[in-house]
Amino acid sequence: MHNKVDSLPVRSNPSTRPISRHHSANNIVHRVKESLTTRVSKLICAIFLSLLLCLGIITFILWISLRPHRPRVHIRGFSISGLSRPDGFETSHISFKITAHNPNQNVGIYYDSMEGSVYYKEKRIGSTKLTNPFYQDPKNTSWVDGALRRPAMAVTKDRWMEMERDRNQGKIVFRLEVKSVIRFKVYTWHSKSHKMYANCYIEIGWDGMLLSGTKDKKCPVYFT
């Protein structure tokens, strides 16, 4: 007689159940949407960063090309008369030449005023107006002449004797200060007015003429 084995209930494993076609299709659609969203986001970010980079490069180039550079001033000539005469201070006069160069490629410069002052041992011995207002084109050089005579030039007898002593030692040192009021022009835009100073240190020889060591020398320029 055979023993009867009781049959045990079998519990089905959910993981082994067949996945419905509808659920599988939804998953695929969801993954495709996520993939497309990610790609679109990456594309938008790449386009934005590229535009930002291009804008930065263009801004930098414009800043370099349109940023105003200060004029360059050089001393080209300087002389003082009457040094060989003890009473030369009564009739002496000073003459000088400078150049003002605009180094900018796309920026013009308005010179609203220009004044020259001559100093000996940091004491001013005279000053004069140098030129009428003018406009200077980019990459252009302007020649400016100046002259000092009485009453604009005032040298005392004692000061003249000091100059004579310096002359006997080989040279007389002067400082020419050129003060200008300028404005920059970029296309149709005009800057505010700037006060510009150029200091030219000058050495005069026995004959009252500019020594070769300071001829064509660049004069330091600064704004206030």
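Everything that follows concerns the structure shown earlier in this document.
Residues numbered from 1 in each chain as written. Predicted model: local features only at pLDDT ≥ 70, side-chain atom pairs only at ≥ 80, totals over all residues. Heavy atoms only, no water.

Here we look at the environment of Cys 219
Take Cys 219: it is sitting in strand E10 (residues 218-219). For Cys 219, a relative accessible area of 3% translates into the label buried. When the C-alpha atoms of Cys 219 and Arg 72 are compared, they prove to be 7.5 Å apart, with 147 residues separating the residues in sequence. Apart from the residues within four sequence positions on either side, Cys 219 is in contact with Val 73, His 74, Ile 75, Ala 198, Asn 199 and Cys 200. (Helix = DSSP H or I, 4+ residues; strand = E, 2+ residues; numbered from the N terminus. Buried < 20%, exposed > 50% of the residue type's maximum accessible area, 1.4 Å probe, protein only. Contact = heavy atoms within 4.5 Å.)

Let's talk about the pattern of salt bridges
Scanning the model with the defined rule gives 10 salt bridges in all. For the salt bridge of Asp 216 with Arg 76, the shortest nitrogen-to-oxygen distance reads 3.0 Å. Taken together, the positions of Asp 216 in the loop between strand E9 (194-204) and E10 and Arg 76 in strand E1 (residues 72-80) put the pair 140 residues apart, joining distant regions of the chain. The partly exposed category is assigned to Arg 76, whose relative accessible area is 24%. Between Arg 175 and Glu 122 there is a salt bridge, with the nearest N and O atoms lying 3.0 Å from each other. Of the two residues, Arg 175 is situated in strand E7 (residues 172-186) and Glu 122 in the loop between strand E3 (108-120) and strand E4 (123-129); the sequence distance between them amounts to 53 residues. With a relative accessible area of 10%, Arg 175 lands in the buried category. (Salt bridge = Lys/Arg side-chain N within 4 Å of Asp/Glu carboxyl O.)

Considerations on the state of the cysteines
Summed over the entire model, instances satisfying the criterion amount to one disulfide. The disulfide partner of Cys 200 is Cys 219, and the gap between their sulfur atoms is 2.0 Å. One quick way to see it: the torsion about the S-S bond of Cys 200 and Cys 219 is about 110°, and its sign makes the bridge right-handed. Here Cys 219 lies in strand E10 and Cys 200 lies in strand E9, a separation of 19 residues in the sequence. The pair Cys 200 / Cys 219 is uniform in exposure class, with both members buried. (Disulfide = S-S within 2.5 Å.)

Brief notes about the sheet that holds strand E6 (residues 141-148)
The strand order across the open sheet built from four strands is E6-E2-E1-E10, with neighbouring strands paired in antiparallel fashion. The open sheet has two edge strands, E6 and E10, and neither has a second partner. Relative to strand E2 (residues 94-101), E1 runs antiparallel, the two sharing eight bridges. Counterpart to Ile 80 in the pairing with E2 is Ile 94. (Pairing = 2+ DSSP bridges.)

So, a nonpolar patch on the surface
Together, Phe 48, Leu 49, Leu 52 and Leu 55 make up a nonpolar patch on the protein surface, roughly 440 Å² of accessible area in all. Assignment of secondary structure puts Leu 52 in helix H1 (residues 21-66). By relative accessible area, which is 48% here, Leu 52 ends up partly exposed. (Patch = residues over 30% accessible without salt bridge, like charges linked within 9 Å, V, L, I, M, F, W, Y side chains within 5 Å. Areas by Shrake-Rupley, 256 points an atom, 1.4 Å probe, with all protein chains shown as cover.)

Here's the deal with the side chain of Asn 104
Among the secondary structure elements, Asn 104 is positioned in the loop between E2 and E3. Under the relative-accessibility criterion, Asn 104 is labelled buried at 2%. Within polar-contact distance, the side chain of Asn 104 engages the backbone nitrogen of His 69 at 2.6 Å. Polar contacts involving the side chain of Asn 104 include one to the side chain of Asn 102, which spans 2.8 Å. Excluding residues within four positions of it along the chain, Asn 104 makes contact with Arg 67, Pro 68, His 69, Ile 109, Pro 138, Lys 139 and Phe 184. (Polar contact = N/O pair within 3.5 Å; in protein donor to acceptor, adjacent residues only side chain to side chain.)

Spatial relationships are all this shows, so hold off on functional conclusions.
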